[in-house]
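# Reading the structure
Here are the chains, one letter per residue:
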Amino acid sequence: MSTETEATAAASGAGATARFRENKKFAASTSTERVGALAGRIIKAVNDTVLDEKVTYEEYNALKAWLIRVGEDGEWPLFLDVWVEHSVEEVANANRHGSKGTIEGPYYIPNAPSQDTPATLPMREDEPGTPLLFQGQVRSVAGEPLAGALIELWHADDLGFYSQFAPGLPEWNLRGCIIADDQGNFQINTMQPAPYQIPTDGACGALIAAAGWHAWRPAHLHLKVSAPGHQLITTQLYFEGDEHVADDIASAVKPELVLAPADRADGHGREVTYDFVLDPE
Ligand code: MBD
Ligand code: FE
């Protein structure tokens, strides 16, 4: 038995759904006018599609069955984060001057174990993959080093699985909160993640197969970077040469977010430097 053979869409979907409920990221109050306007537009967009495309009862019932299955598989967080979150992020961060953000995705867990820099993310003794040293500095838009910066990093392992969303992985595997030094500098040792495939055995995978799309996200590091008095950024970093950098199923790649790691002089994996620039609050 291994993570690879035991992982199921329903288990990771149920985990992501439970996680979302705990985070309680719901709008406290959205006005009647706003709900009416947004829900009205979405319903109209669906009806326009039905009329334009002359959707049949067979197709309508297939949609109904599929929507029921998305809920049963717990895949609403996955579905929304893959196909909708990128435009929400674009609107939210349109006025930022610092580093680019991108989507959070469904697999963030707050309060991972914290460590001072230089740090090594929690990993198994025989963690597979290529070691990666990820380092840099956190600064303000004015160029000042930000003391007290915090770098939260989480990512998939060398098989593309996230701890707490796939069986058999230690609780905090490849997740950590790293406290930068008084110059905002950080050094984090981890393992290069693998590309991520949307589970093929759930509702989202069924849609992807039925539509003839591919199911891949390029390999990525997820980050939340913050410092006192500055806006937190949620972002991801990708790797040059990854075939899915150009066609991420989640539409979350931006050119500024693609890293080009170099081989380490000591032959021990790769290293890359990336600095974060935070906007003031
Ligand atoms: C991921 O790992 C991810 O980052 C997103 C956005 C969606 C699905 C899986
Ligand atoms: Fe991810």
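Residues numbered from 1 in each chain as written. Chains lettered and ligands numbered in written order. Predicted model: local features only at pLDDT ≥ 70, side-chain atom pairs only at ≥ 80, totals over all residues.

## A word on the overall build of the protein
The helix and strand inventory of the protein stands at seven helices and 14 strands. Compactness check: the protein gives a C-alpha radius of gyration of 20 Å against a globular reference of 19 Å for 281 residues, within 12% of the reference. Here the C-alpha coordinates of the protein stretch approximately 65 × 50 × 35 Å along the principal axes. (Helix = DSSP H or I, 4+ residues; strand = E, 2+ residues; numbered from the N terminus. Rg over C-alpha atoms; globule rule 2.2 N^0.38 Å.)

## Some remarks on helix 5 (residues 76-83)
Among the residues making up helix 5, those that are buried are Pro77, Leu78, Phe79, Asp81 and Val82. Looking at the buried residues of helix 5, the elements they touch are helix 2 (9-23), helix 4 (57-72), helix 6 (85-92) and helix 7 (203-211). (Buried ≥ 20, exposed ≤ 12 C-beta atoms within 10 Å, placed from the backbone. Contact = placed C-beta atoms within 7 Å.)

## As for the site of ligand 1
Contacts to ligand 1 come from Leu78, Asp81, Val82, Ile103, Gly105, Pro106, Tyr107, Tyr196, Arg217, Ala250 and Ala252. Considering every element that reaches the shell around ligand 1, the biggest residue donor is helix 5, with three residues. Of the residues contributing to the shell around ligand 1, the split by class is eight nonpolar, one polar and two charged. (Near = placed C-beta within 6 Å. Nonpolar A, V, L, I, M, F, W, Y, C, P; charged D, E, K, R; others polar.)

## A look at the pairing of strand 13 (residues 270-273)
Two faces, one strand: in a regular strand the side chains alternate between the faces of the sheet. Pairing between strand 3 (residues 131-140) and strand 13: four bridges, direction parallel. Among the inter-strand pairings, glutamine 135 is bridged to a residue of strand 13, identified as threonine 273. Examined bridge by bridge, strand 12 (residues 262-263) and strand 13 share two bridges and lie antiparallel to one another. Paired with aspartate 263 across the bridge in strand 13 is arginine 270. Counting the residues between successive antiparallel strands, the hairpin from strand 12 to strand 13 contains six residues, one of them, glycine 267, with a positive phi of roughly 75°. (Pairing = 2+ DSSP bridges.)

## Considering the nonpolar core
Judged by nonpolar contacts, the single largest core of 51 residues is most densely connected at Val138, Ile151, Leu153, Val225 and Leu278. The set of elements that each furnish at least two residues to this core consists of helix 5, strand 3, strand 4 (150-155), strand 6 (185-191), helix 7, strand 9 (221-226), strand 10 (233-239) and strand 14 (276-278). (Core = buried A, V, L, I, M, F, W, Y, C linked by C-beta atoms within 7 Å.)

## Describing the sheet that holds strand 1 (residues 114-116)
One open sheet holds the six strands; their spatial order is 1-5-4-9-10-11, and the pairing between them is mixed. For this open sheet the edge positions go to strand 1 and strand 11 (258-259), each flanked by a neighbour on one side alone. In this structure, strand 1 lies alongside strand 5 (residues 175-179), joined through three bridges in parallel fashion. If you follow serine 114 over to strand 5, its bridge partner there is cysteine 177.

## Re helix 7
Looking at helix 7, one finds that the buried residues are Ala203, Cys204 and Ile208. The arc that holds every buried residue of helix 7, seen down its axis, measures 140°, which confines them to one face. Those residues of helix 7 that are exposed and angled more than 90 degrees off the buried face are Ala209 and Ala210. Tucked inside the fold, the buried residues of helix 7 contact helix 4 and helix 5. Positive phi appears at glycine 212, one or two residues downstream of helix 7, with a value of about 75°. (Arc of directions from axis to C-beta.)

## Some words on unusual backbone geometry
Residue proline 118 is reached from threonine 117 by a cis peptide bond, and omega for that bond is -5°. Positionally, proline 118 belongs in the loop between strand 1 and strand 2 (119-120). Even without a glycine there, the phi angle at asparagine 111 is positive, about 65°. Relative to the assigned elements, asparagine 111 resides in the loop between helix 6 and strand 1. With 9 C-beta atoms packed within 10 Å, asparagine 111 lands in the exposed category.

## Some points on the environment of threonine 30
Along the chain, threonine 30 falls in the loop between helix 2 and helix 3 (32-53). The spatial distance from the C-alpha of threonine 30 to the C-alpha of aspartate 275 is 37 Å, given a sequence separation of 245 residues.

## Focus on the packing of helix 2 against helix 5
At a closest axis distance of 7 Å, the pairing of helix 2 and helix 5 adopts a crossing angle of 85°. When the axes of helix 2 and helix 5 are compared, the pair comes out roughly perpendicular. On helix 5, the residues touching Gly13, Ala16, Thr17 and Phe20 of helix 2 are Trp76, Pro77 and Leu78. Looking at the contact of helix 2 with helix 5 residue by residue, the class counts come to five nonpolar, two polar and no charged. (Axes fitted to C-alpha atoms, helices over the stretch in contact; angles between N-to-C directions. Parallel < 35°, antiparallel > 145°, perpendicular 65-115°, else oblique.)

## Observations regarding the environment of glycine 269
Relative to the helices and strands, glycine 269 resides in the loop between strand 12 and strand 13. Note: C-alpha distance between glycine 269 and threonine 120 (149 residues apart in sequence) is 14 Å. When neighbours within four sequence positions are excluded, glycine 269 is seen to be in contact with Thr130, Pro131, Leu132 and Arg264.

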